[in-house]
Every structure is written in C-alpha cells, then in structure tokens.
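Remarks on the overall topology
Single-letter residue listing:
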Number of protein chains: 2
Amino acid sequence: MFHTAVLALLPLMPWPAQITVGQAVVPITNQFSISMQGVGASDDRVRAAVVRTFSRLSRQTGVPMFPTVVKSGGTLEIVVESRDHKGPQRLGDDERYSLEVRDGRVRLSADAPLGVLRGLETFLQSVTQNTSGMPGFSVPEFTVHDGPRYPWRGLSLDVSRHFVPTDDVKRTLDGMAAVKLNVFHWHLSDDQGFRVESKRFPRLQAYGSDGLFYTQAEIRDVVAYARARGIRVVPEFDMPGHAASWTPGYPNLATTSGPHEILRGFGITEAVLDPTKESTYRFIDGLVGEMSKLFPDEFFHIGGDEVNPKQWNQSGKIQAFMRKHHLANSEGLQAYFNGRLLKILTKHGKQMEGWDEVLNPDLPKSVVIQSWRGQESLWQAAAEGYRTLLSAGYYLDLMQPASQHYAIDPLVLPPARAERLQKQNKPIPPPPTPATERNILGGEAAMWEELATAENLDSRLWPRLAAIAERFWSPQSVTDVHSMYERLAMTNGWLEWLGLTQRSNLELMRQRLAGGERSPALDAFASALEPVKGYGRHAGRYLTSTPLNRLVDAIPPESDAARAFNNDVDAFVASDRSQPAKLIEKLSFWQAQTEAVLPLLQSRSLLNDAAPAAQTLLNVCRYGQMILRHETVDSAAASAALTQAETSESDLLVAIAPGIRRLIEAPAVSASNRQ
Amino acid sequence: MFHTAVLALLPLMPWPAQITVGQAVVPITNQFSISMQGVGASDDRVRAAVVRTFSRLSRQTGVPMFPTVVKSGGTLEIVVESRDHKGPQRLGDDERYSLEVRDGRVRLSADAPLGVLRGLETFLQSVTQNTSGMPGFSVPEFTVHDGPRYPWRGLSLDVSRHFVPTDDVKRTLDGMAAVKLNVFHWHLSDDQGFRVESKRFPRLQAYGSDGLFYTQAEIRDVVAYARARGIRVVPEFDMPGHAASWTPGYPNLATTSGPHEILRGFGITEAVLDPTKESTYRFIDGLVGEMSKLFPDEFFHIGGDEVNPKQWNQSGKIQAFMRKHHLANSEGLQAYFNGRLLKILTKHGKQMEGWDEVLNPDLPKSVVIQSWRGQESLWQAAAEGYRTLLSAGYYLDLMQPASQHYAIDPLVLPPARAERLQKQNKPIPPPPTPATERNILGGEAAMWEELATAENLDSRLWPRLAAIAERFWSPQSVTDVHSMYERLAMTNGWLEWLGLTQRSNLELMRQRLAGGERSPALDAFASALEPVKGYGRHAGRYLTSTPLNRLVDAIPPESDAARAFNNDVDAFVASDRSQPAKLIEKLSFWQAQTEAVLPLLQSRSLLNDAAPAAQTLLNVCRYGQMILRHETVDSAAASAALTQAETSESDLLVAIAPGIRRLIEAPAVSASNRQ
C-alpha cells in the first residue's frame, strides 16, 4: 500500500489510502480540458471547483488555460454519482474518491461532490514538470482509491489574541482544502477581543474588539468560501472564562463589578461570567440565537476551558447560589452553566462542543469533547461514550518540529507520556476498544495567536499543518518521517501557488530587519536558528500592542537547514566518521555568514538583541569544526557553549547545537578529541 | 539643493525639489497619531489617505497601529488649505506640498488635497529603522518643499496582448502612487483583445476578448481606486489600426469582408477599420459615448498608431472615397478619420489624445500628441503648438536598464540619436524654446504586454518605473546615476510592503522551473543573466497562448549583481589593478553555482534550453579568472566566448560579459595577458 519508491515521484500530501503507480504520463498542456458526467456534475461545489482547477493549474504551471469544459472526453473526466444533500456540509459526509491516470486521460470518480473536491486536490498535487522530452508538465500514470481515516480534521484558529483579517483567513482555507482538512474551528472570542459583529448586542464588538472584528457580511462570505472548498466552519465563543472582552460592553454579565476592560496582556484572567443570573442566560440565548443563523454548521463550540474559580469563590451571592443548588464546587457550578448552555444550543438546533474541562458526570453524551490535555482524557471520554477530538500534541504555536506533531496519533499514547505515568506509578490507560474507537472523530491542530500576527501566521501554520493533516487523513500505517519531510518540502513550495506566504513574508520581515534590502548573510545566519519552544517566550513580557517584528518572529518554527545538518551528523557518527568535509563546509559557511552579519546586528536596532545568539552560533561552529578536524577541544568550554546554544537568547535557539553535541558526545570521538 | 550625503539617509524616490536635513529624529511608535487642520481636512481623498497611512506604516514597520486621528498635536500634523474642486482630477491640479520634521513632530502642509497625498508618500518613504538606541523606527529631521516638474506623469499599460486582472491593476496603481505618478493610461483594446464590457455593443467583448475583459463595475472600481490615490485614468481605444478585436463581433466595421478573428500572434496586422462608412462613425459615436461615462477623465486616447494602409489601398471603394474627398494618400484618409473622431470626442466632452502618427497639418491644436518616436517629433509638435508627451525611451518591455531610461529627458536629444542625425547629415532639431517648452506636459512609461503576463508584470515594471517617475517629477538637475541606483534598491524593497511582487513572483517562477523547491544554485546562475534586449525575443515565435514560464521570463530585466560586478571591473581597470581577489571570488562563486545547477538544467524540461547559456557563463567566468590571475589566455577563444555571451541564447544574455570584455580589452592588461 505504501510505496517508498513512488514518493520521489509523487509529492502527495496527505498520502492516499491506496495507490499504485504506472510508467507513462499524461501531458497537461494549454489544450487541457475537463468533462463531467453523473447526477452530481451539476452540483454547485463541483462546478466551482472545476473552474478553480483551470486557474490553479495555470498558476502552478505558468501555462495559459481557458476554462474548457467539454461534454465528454476531457483530459480530466469527472464522474460524480450524486448531488449534495440539502443544507450545510455535515460531519461524515462522503469524501471518498478514485483517481485513475492512464491512456492519456485522468479519470476522477466519486459518489458525492465532496469526493470530487478531495480528488481534484490530489490531481493538482500530482502535476509535475517533465524531466525529459517536451518542455512542460504532466501527470504520471497512477491509480488512487482514497478516503479519510477520520471524518473530523480541523484547524482551530485563534483570532482574538491577534486579529486575522478576512483575506488571511481565506488564504488559510485554501491551504486547508489543499491538504484535505475539513473543519475550520474559528476561535472568535477570548479575553483579548470579541471578533464578530453582533447586531443584537453591538456593544460586544464596539467595546470588546478595538474595531477589529468581522462584519456579518464577512462571516457569511468566509462561511461560503469554506463551504465551496468542502470545509465546515465551527464557531467558538469561549465561556464562562476567557470572556473578558464581553463585559466592557455588557458589565452585567460579569461576576464582579468591574471596571471591565479587554485584556491587553496574555495569560488566564480572573474574569469570569456570572452563571447565577438569569439575565446571563437570556443574553447567551440571544447571542447563540443570532450566531446560530450566521454559522450554519450543526456544531457550536462553547469553549469552557481554564475557568479561574477565584471570583466565584469570593462572591457570597454565588456561594449562596451553589449551596441552594447543591453544587459542591466551582466544577459543579460550571457543569450547571454548561447544562443551561446545552439547553440553549439544543433550542437553536446546535450540537455542543467543548474543551476537556466540560467533561463532568452530568454532561449528556451528545456533547463533543475536544481534548487539549492528551490521549488519556480523549480515551476516557470516548470510553464514556462521548465523541471526541484530539488537539493535544497538535499546538502549532509551540514551535515544535513537524516530526513531533506527525508522531502524535489519537490511538497511541506518546512514549514520553507513558514513561512519565510509569514513573509516577500511575496506571497507563487502556487504548480504545474497537467499539469506543469509533467515538474518536479525529483531531484539530490549534494555532493560538498570542505571539503571531497575520503577517507571520502562514509561517506558523505551514508547512507543519500539512503533516498533521496527513495524520488525520492517511492510514495509521503512514508514519515514515523521511518520506513525510520530503513531501512536506514539496508541499511547502506548492502551497505558494495558492498564495500562502509562509516563506515570502518571513523573507520580507527579514528584509525589514536588515533595513530595507535583503541580506543573504542575515538569511544564512537565521537558517541556523529556531524560535524558543513551548511557552518559553511568554512570561508576561508581551501585550497585544507589542510589535512582533524581531528576528524570532521572522524565522520558521523549524529550520530545514539545521535539521539536514543534524541528520548529516547522525549519519556521520553512525558511519566510520571518515568524511567530515561536507559537515566542515556547512559549518564554515554558517561561520562566515554569521561573521558577515555582525555589523548589521549592531547597526539595526531591531537586530541588536540577536547579537548574543550570533556569538553563540560562532562558538558552536568553531567547536564543531575543531572536533571534525581532530583538533584539541576544551570540552568544558565546548559544553558551556552548547548549553548556551540550547538556551534561549532573545528567544532564539541555535538549531544546529544538537548535532554538534552529538559530534562531541558520541562515543567514538571521546578518546581522541577531548582534553 | 541635491545633497548626496543625505541620500544614504533618505531613500526618497522621486527626489524632492528642495530638501534640507537636520540631525535629530522623530520616533514612529505604536503611539503614532495624525491630526488634521484646514478646510481640506474633511476632503474624502485626504481622509482615506490618512486611514491608509496607519495600515501602511504598520505593514512596513511591523508595529501594530490603530487609526488614531486626534484633534490636534498628532505625531503627524496635516494642514490642507482647500477642498478639492468638483469632478474628476484634472491635468495640472496642484500637487505641491511641504513636509517638515522637527521638534518631535511631522508637519505636512499643502494647498490642495492632492499635495497631501504626495506628501504622505514622502513621509512613508522616510520612515526607517533606528540604527541605534531604542529598537524601532523613526523619521529623520528634514524640511522638504516639493512639487512636480511635469503635470503629466504616466504609465501606459497594455492589457490587450495579455490580460491583466483587476487586482494586478490595483497593485500597479499602488506602486504608481508611491512614486508620485499621476496618469494611468489604460491601453484597453488592440488586435489581440477588446478588454472592456460594452453594454451597447456587447459583441465587442463577447467575440473579441476570449472572456478576459473588465466588467463596467470593475472599471468603475479601478477608476475610483486610482482617484483615491491621485491618479487619473485615461482610456485608450486604438483605431483605426490595432483594432482586429473589434471586427469579429462587428464585421461591418472592417475594411475587408473577413473572416475576422482576434489576432493570436503579435506584430502589425493588415486589419483596419473602414473610415469611409457613416456606420463606422455611428458605431464609434455610440462606443465613445458609453465609454466617456465610464471614464470620467477629460482626455480620451484614440491610439492612431501603426496603420497599415494595404487594405485601404486595395479597396476600390475606399480609393474612390479618397478621390471624392481629395485625400491624397492613406495619411490623408487617417487625418480625415481623426477629424471625424475629434468631433465625436468633442461632442462627448473629451479632449483627444493620440500617438505620433495623428500629427497632420489639419489636426487642431487641442489634440495631445504622445510621442513614441523620439524628441524630434515631440519638439516638433510642441513647436507647432500641440501639447505633447514623451514615451520614446521609456518602453519598459524592451528590458533596458534603469540607467538608460533615467538618462532620457524630454528636453535633451539622446547623444546616440544626435550622432546618428549628424552621420546622416540631417539637421539636429532645435530644443524647445521657453515658450514651446510649456507645451511638453510630461511623459509616460509604456509597458507592452506581448511577452509579459500578470505573473511577471511587476518585475517588468518595477523598480525601473520608479527611476522614470523620478525623471518626470524631480528637477532636471537630478541625474546622479549612482544615487538613483542606491535609492532604487531601497525603493524596490520598500514597494513590497504595498504588495508588489517583482521579486517574490520571479522567485516563485524559478522555484517552479527547479521542480518545486527553491534552488539557490539556479538563483545564483540566474543572477548573472539578463533577458535579451529590445525586440530580439519576438520574431513571430509567440502566440498569446504560449506559456511564458521559461528562465527568461523568471529573471529581472536588469541584473543588480551583474551591474555591481561590471562596476567593480571598471573601478579595478581604472585603478592599478592591484586587488583582483574580490572579482575572482565573485567569478568563482558564479562558476561553482553554475556547475552545481547543470544537472537541474538537464533534468527539468523547462530549463533544458538554458544549458547553452550556462556553458557560456562558465567560459566567461573561466576567462575572467585567467585574466585576473595573469594566466595566458587564448584571446581569440576568449573573444569568441564573449561574443557568444553577448548574443542571446534562449533569449538569455550573460550580463557580466561586458565586464569581462573590459578586463580583456582595457589597455593595461593587453601586453601581459594576451598571447
């Protein structure tokens, strides 16, 4: 099923469920045409996707193409058996398709329109430049039978901490569709901003958004845009915590008397809605009613995470309410709140979704649980009969490498986690049974925007999101990291034809740092760095108005060059260490470029704080070369330099430090090189 | 007036009429605010420009900014004396402004709203990153009194040969406004396509555009967008030649019986409208009437260039008409046609504009003449009392360096041209007198789109268009090429904050050529190349459907790296030739990168034809290094290699060849290096 030999040929991501590959190719020229058959050929989404296919092909090949839809015998023949059901796209709608390339034609068949959309993406990914013969492009002969592993494959995007304008959201949806993600989870409100126009409660956006919100027309536009690409839009209005942006306009919702302001910093506030007032529920009923019309999806996310009980505990009125209603603690009070919420959602025809914390013995099984805590809570909820989603392990704001996210599987407890449980003498939870496994709907990557803006958003999402998308779509057996990275690199480049800016915007940001013109030395220096991982950059230093225009903001989460170098070191160490030249060359390149960039780091105020990282990198390069040249190394000094390199300086990590550490610490070198 | 010392500080382009520079700076932070005073402060264009200023500042600095317009005492204080006159922007509307940066404030004052727009661009260009102190941005203290040399500063854009979608047009307008150009001359119809929706004559776009045309709503949108940026939109409907796209829908307009088809190739067709039928004028009257409403500018361009008289000469009916009306020849017939056109335009309230060829003794002086032939015809027309524009020397599709366009001045006969006249014993025309000089309104750069598409359009326009804009705006004395190139490089980078894609799209195109991932070797190889100049790439090889996705399409018209190298050679040759190391290093870099790229050139079908240029570049690099190392060089072989390098191969020129030739041919080296 999984042909490594094919991967070099076909930069498909996610990898299809079944694929066999032939020898010949089908040319894609300016004579390219599409024909359509079947009941579903008249489906709106199919027709729009077909039109987009021409312009996208033209963009990715540079070959002029007029939309040529012929009655039969097109270069691409689409057969789609049925029309769409009425109403919005639903969880579990059929996404399967087959794609067959042979005899000079491409045949795409699907039972339902959604399958055509998925298959067209596979087709577009498979169009590559001819390596010989006529200058141009073609599709290799292959047969694909494909369908998703999970029906819910999402991205949760926080637009509250930093607002993300409509165009940027649309670009993100284009990318999501390209890698077959099908749920856009729109985190629309949080302490830092309420981002949707409410006509019923206009003070929400008036006092809670600094003017940065989506009009209802824009929301409708985005929802339609997503639907056209086979993506459901699930809105999240986080409550009763994470709602400090609601109360400046509607202070009566709050537990305390105020003054109420939207949060300018980050972290968990004490602010929390008052769940004891009937007026709170009337407000929520009104808001949910209004938003339910705006967001046609059957699911509605109520957040429910990270409630700080302090204000509830300090309020005599609320404590009295809890006693009266036999609510033992704040969890009980939140469960009461959720129960009321569920009634409101049900009234408006919505199914409720919430983060881990909403789990409570009283919670009806109809609620979907999104786990940000890990497989344990995911499996527990699934075992209890809840439908669940995994987000733990898929947080893109933590700046982890694609491989780390790729290794996370909803059905596998991460080894580190299992180890920790063992050390703590806690039971390792049993994996889901075949029966409870069905309750795991899939997962969602999550992008929290405290330290990202629309400017570098794409670089925080892509290409890593494509690896996660493969985890959700492809069979569980597709786990080859080397193949993933090869295809990810191709996908990363290919996504730029959709207008994604993960590379171009970072380049532009580095150009700004350099003072207006691009600096190859700065780019080379930056290529050895990575942003600090996890929550190492937070620590209360940031406000929503803090400029995010430093070097750490202008480099990708994962350095391809550093990963390649570290891999080369592994190969070198694992072999007989006989060919150090390539490694030395790379290190001396970084050394020369970093030396060349030092004056710039001094003369550009926004780069000043990157100078220590440059010195550290220079040290690391020097020690690395000394080791490779069998020169005598002061191992204490080298170790100190590496520790420095692995410690954040201006939030920057020297990403080749792990490789150099392995050079030093791997046994074979210890005798000859150490003092 | 022109302080070279300042240029390093201030990347302004066009350079202001008067500037003095102080010592201190005014910080631009997230506290930046704008206040407005004067009658014109309520002007629509001023208010919209002020809002744009915040978002543009935010984009170019990465500093979050909310639009903070305060009553008084803003970081930027705008004083504008008067409101706009009613109706569309007019030729000669006041564009002067003063900008004073001191005492922690920026003061922008102008008599009229248009001056504010121009001054805001100067302000934005002057915001640069601090070189020391607080990380951030500031404006240096300076005082500018500025206004244009010419009132008509345009870009003529051909959207017929290849269609340019609305978004790309808008991006172009953004760039134009940034460099203070004020006329968008929209070449909307030609043999290859009629690009405007006509409701009165819908078969124009239905049969004449392949579906690629602007709806009237889009036209209105673009005109409003241009107006908001202080740019007039002058439409051109080229007739009676260059109108082969009119006759497929309306064959009765044609001189011959057809069949009529839009032109798929390029060059001058024989097709020409029939100027002898009254129905032709009724049609034009209807079309001009409709288009006059769509395009509110007072000027209307009727083309009038390159009429092939063959069909007229072969038609007995037309010959009879000419005899009847005492028209001696085809020029006379075209003059008759233009006379009728002028009446129609006058009836619809428009002033007529045409290319050189419309000049005729019978032509009323009210017509504006756009000269594509040169200063002679420009001066002649001006002397005869016509208002004139210069476009000769400003053709961006000819792939000439910025310096060449920059050297062209409406008031100066180019030396090469003067020399040619002298050789031909023709009189050198007298330059305009102060009286006739006033008839020269300015000039227009022209971008013909036979060999460009929306994909690489920006790279064909920018940054060279900024140098031409400076020629039209700045005093005639501003001619320092070194300063121009320094500021042009900064401007080129800066324009990317407006979304211009002159660099990013070419990089993406080269990534496509490389097969999906960026190839530094391909980029380095490409940096030594330039596209063939002038009309060397035409020769009937191209159709409108030909893919423009080769290496020649993916490199800028002018190689910055090659220019720098050639300049370094000049300095080396002019000095004592004692320090060849830097030149050798550059050549060996190109050599190594070109050797590295050879496998790619073989294995990517679209790059195959670039292989000969790579071999030539390798030869040139080798000979260059031999000369610099005082090795014995076979001068015949070296000369042959250079000739090859200066000859187009796959439309590619080796742009460092002139430098190497100077190395070989400059006297000092001849004795020691030649065999």
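Per chain, residue numbering runs from 1 following the sequence as it is written. Chain letters start at A and ligand numbers start at 1, both assigned in the order the entries are written. Residue-level local features of this predicted model are given only where pLDDT is at least 70; pairs of side-chain atoms are given and counted only at 80 or more, and the full residue set underlies all totals for whole chains, interfaces and linings. Computation of side-chain values covers all heavy atoms of the structure but excludes hydrogens and water.

**With respect to the overall build of chain A**
Filter applied, for reference: Comment: elements are numbered from the N terminus, with helices defined as DSSP H or I runs of at least four residues and strands as E runs of at least two. The cut-offs for exposure are 20% and 50% of the maximum accessible area for each residue type, with area from a 1.4 Å probe on protein chains only; residues under the lower value are buried, those over the upper are exposed, and the others partly exposed. In short, Shrake-Rupley with a 1.4 Å probe defines the accessible areas, and a residue's cover is counted only from the protein chains shown. When charges are counted, neither His nor the chain ends are considered; positive counts come from Lys and Arg and negative counts from Asp and Glu. The atom standing in for a charge is NZ when the residue is Lys, CZ when it is Arg, CG when it is Asp and CD when it is Glu.
Regarding its fold elements, chain A presents 25 helices and 19 strands. In terms of its C-alpha atoms, chain A occupies a principal-axis envelope of roughly 75 × 70 × 55 Å. Looking at chain A as a whole, 61% of its 675 residues are labelled buried. When the accessible area of chain A is evaluated, it comes to approximately 24900 Å², of which 54% is carbon and sulfur surface. Taking the average location of the 70 positive side-chain charges in chain A and that of its 75 negative ones, the two points are 4 Å from each other.

**Considerations on the interface of chain A and chain B**
Cut-off, in case you're wondering: A contact between two residues is defined here by any heavy atoms of the two lying within 4.5 Å. As a working definition, buried area equals the accessible area (1.4 Å probe) given up by two parts on being put together, with both sides summed. Think of a salt bridge as a Lys or Arg side-chain nitrogen and an Asp or Glu carboxyl oxygen that are within 4 Å of each other. In the analysis that follows, any N or O atom pair within 3.5 Å is treated as a polar contact, provided that within protein one partner can donate a hydrogen and the other can accept it, and provided that, for residues neighboring in sequence, both atoms belong to side chains. When residue character is reported, Ala, Val, Leu, Ile, Met, Phe, Trp, Tyr, Cys and Pro are called nonpolar, Asp, Glu, Lys and Arg charged, and the others, Gly included, polar.
Between chain A and chain B, the contact holds 52 residues from the first and 52 residues from the second. Summing the contributions of chain A and of chain B, the shared interface buries around 3700 Å²; its carbon and sulfur component is 50%. In terms of surface lost to chain B, no three residues of chain A exceed Gln129(A), Arg512(A) and Ser605(A), which account for 16% of the buried area on that side. In this assembly, chain A and chain B are joined by four salt bridges. With a closest N to O distance of 4.0 Å, Glu496(B) and Arg518(A) form a salt bridge. On the surface where chain A and chain B come into contact, there are 25 residue pairs in polar contact (both at pLDDT 80 or more). Taken together, the elements giving at least two residues each to the side of chain A that touches chain B come down to helix H2 (44–61), helix H17 (481–495), helix H18 (504–513) and helix H21 (581–603) of chain A. Here the element with the most residues in the side of chain A that touches chain B is H18(A); it accounts for seven residues. By residue class, the composition of the side of chain A that touches chain B is 17 nonpolar, 24 polar and 11 charged.

**A look at the packing of aromatic side chains**
Residues and elements named next belong to chain B. Operational definition: Whether two aromatic rings pair depends on their centres lying within 6.5 Å, for rings of Phe, Tyr and Trp, where Trp uses its six-membered ring; planes under 30 degrees apart make the pair stacked, over 60 edge-to-face, and the rest tilted.
Scanning the entire structure with this criterion turns up 44 aromatic pairs over all chains. With a centroid separation of 5.7 Å and 90° between ring planes, the pair formed by phenylalanine 194 and tryptophan 246 is classed as edge-to-face. Separated by 52 residues along the polypeptide, phenylalanine 194 in strand E11 (residues 193–194) and tryptophan 246 in the loop between strand E12 (232–237) and helix H7 (278–294) bring together distant segments of the chain. Take phenylalanine 194 and tryptophan 246: they sit in the same class, and that class is buried. Ring centres 5.9 Å apart and planes at 45° place the aromatic pair tyrosine 281 and phenylalanine 337 in the tilted group. In this pair, tyrosine 281 is assigned in helix H7 and phenylalanine 337 in helix H10 (residues 330–347), connecting sequence segments 56 residues apart.

**What to know about the relation of the copies chain A and chain B**
As a reminder, the rule being used: Least-squares superposition of the copies uses the C-alpha atoms of those residues scoring a pLDDT of at least 70 in each of them.
For the match of chain A to chain B, the screw axis carries a shift of 0.0 Å, the RMSD comes to 0.0 Å, and the turn is 180°. The operation mapping one copy onto its partner corresponds to a two-fold rotation axis. The C-alpha atom lying nearest the rotation axis in chain A is that of Ser504(A); the distance is 3.3 Å. Here 100% of the contact residues of chain A are again contact residues in chain B; the copies associate through an equivalent surface.

**Some thoughts on the packing of H18(A) against helix H2 (residues 44–61) of chain B**
Note the following rule: Only C-alpha atoms enter the line fits that serve as axes; for helices the fit covers just the stretch in contact. Angles between N-to-C directions range over 0 to 180 degrees. Each angle receives one of four descriptions, namely roughly parallel if under 35 degrees, roughly antiparallel if over 145, roughly perpendicular if within 65 to 115, and oblique otherwise.
Where H18(A) contacts H2(B), the axes come no closer than 9 Å and their chain directions differ by 85°. In terms of axis orientation, H18(A) runs roughly perpendicular to H2(B). Mapping the contact onto sequence places Asn505(A), Leu508(A) and Arg512(A) in H18(A) and Ser58(B), Arg59(B), Gln60(B) and Thr61(B) in H2(B). Of the residues belonging to the contact of H18(A) with H2(B), the class tally is one nonpolar, four polar and two charged.

**Describing the domain arrangement of chain A**
Residue and element names in this part refer to chain A. Just so we agree on the cut-off: Start and end points for every domain follow an automatic or database-based domain assignment.
Structurally, chain A comprises domain 1 (18–146), domain 2 (152–479) and domain 3 (504–673). Using C-alpha coordinates to define each centre, domain 2 is positioned 36 Å away from domain 3. Every contact between the two is made by 23 residues of domain 2 and, on the other side, 21 residues of domain 3. Regarding the contact of domain 2 and domain 3, the summed buried area is about 1800 Å², with carbon and sulfur atoms giving 58% of it. Where domain 2 meets domain 3, there are one salt bridge. Run the count over domain 2 and domain 3 and you get 10 residue pairs in polar contact (both at pLDDT 80 or more). Counted by class, the side of domain 2 that touches domain 3 contains nine nonpolar, seven polar and seven charged residues.

**Considerations on the pattern of salt bridges**
Residue and element names in this part refer to chain B. Summed over the entire model, instances satisfying the criterion amount to 94 salt bridges over all chains. Arginine 102 is the partner of aspartate 103 in a salt bridge, and the nearest nitrogen-oxygen pair spans 2.9 Å. With a relative accessible area of 58%, aspartate 103 lands in the exposed category. Given a relative accessible area of 34%, arginine 102 falls into the partly exposed group. Linking lysine 586 and aspartate 568 is a salt bridge whose minimum nitrogen-to-oxygen distance equals 3.0 Å.

**So, the packing of H7(B) against H10(B)**
Residues and elements named next belong to chain B. Put simply, the rule reads: A crossing counts as left-handed when the near helix is turned anticlockwise from the far one by less than a right angle, and as right-handed when that turn is clockwise.
It is the contact of H7 with H10, at a shortest axis distance of 10 Å, that shows an interaxial angle of 35°. The two elements H7 and H10 cross, and the hand of that crossing is right-handed. Contacts between H7 and H10 involve Glu278, Tyr281, Ile284, Asp285 and Val288 from the first element and Tyr336, Phe337, Arg340, Leu341, Ile344, Leu345 and Lys347 from the second. When grouped by side-chain class, the residues that make up the contact of H7 with H10 number eight nonpolar, no polar and four charged.

**Observations concerning the environment of Val80(A)**
Residue and element names in this part refer to chain A. Examined against the element boundaries, valine 80 turns out to sit in strand E4 (residues 76–80). The exposure class of valine 80 is buried, given its relative accessible area of 0%. On a C-alpha basis, the gap between valine 80 and alanine 41 in space is 6.0 Å, while along the polypeptide they are 39 residues apart. Non-local contacts of valine 80, meaning those with residues more than four positions away in its chain, are made with Gln37, Gly38, Val39, Gly40, Ala41, Ala110, Asp111, Ala112, Pro113 and Val116.

**Overview of the confidence of the model for chain A**
Spelled out, the test is: A residue's pLDDT is the confidence the predictor assigns to it, expressed on a 0 to 100 scale.
This prediction gives chain A a mean pLDDT of 94; 97% of its residues lie at or above 70. When the criterion is pLDDT under 50, residues 669–675 of chain A qualifies, and its contacts beyond four places in sequence or with other chains add up to 18 contacts.

**Focus on helix H7 (residues 278–294) of chain A**
Residues and elements named next belong to chain A. We count it as follows: Expected span of a helix, by definition, is 1.5 Å for each gap between consecutive residues, and there is one gap fewer than residues.
An ideal rise of 1.5 Å per residue puts 24 Å on 17 residues; H7 measures up with 25 Å between its terminal C-alpha atoms. Counting buried residues along H7, 12 of its 17 residues qualify, which places the element largely inside the surrounding structure. By the burial criterion, the buried members of H7 are Thr280, Tyr281, Phe283, Ile284, Gly286, Leu287, Val288, Gly289, Glu290, Met291, Ser292 and Leu294.

**A closer look at the environment of Lys533(A)**
Residue and element names in this part refer to chain A. Here lysine 533 lies in the loop between strand E18 (529–531) and helix H20 (560–574). Taking relative accessible area as the criterion, lysine 533 reaches 22% and is therefore assigned partly exposed. Residues lysine 533 and aspartate 651, 118 residues apart in the sequence, show an inter-C-alpha distance of 8.7 Å. Apart from the residues within four sequence positions on either side, lysine 533 is in contact with Leu398, Met399, Gln400, Pro557 and Leu653. Within the structure, the side chain of lysine 533 is placed 2.9 Å from the backbone oxygen of proline 557, a separation counted as a polar contact.

**A closer look at the environment of Ser132(B)**
Residue and element names in this part refer to chain B. Along the chain, the position of serine 132 falls in the loop between strand E7 (128–129) and strand E8 (137–146). Accessibility expressed as a relative area gives 51% for serine 132, which makes it exposed. Between the C-alpha atoms of serine 132 and arginine 563, which are 431 residues apart in sequence, the distance is 31 Å.

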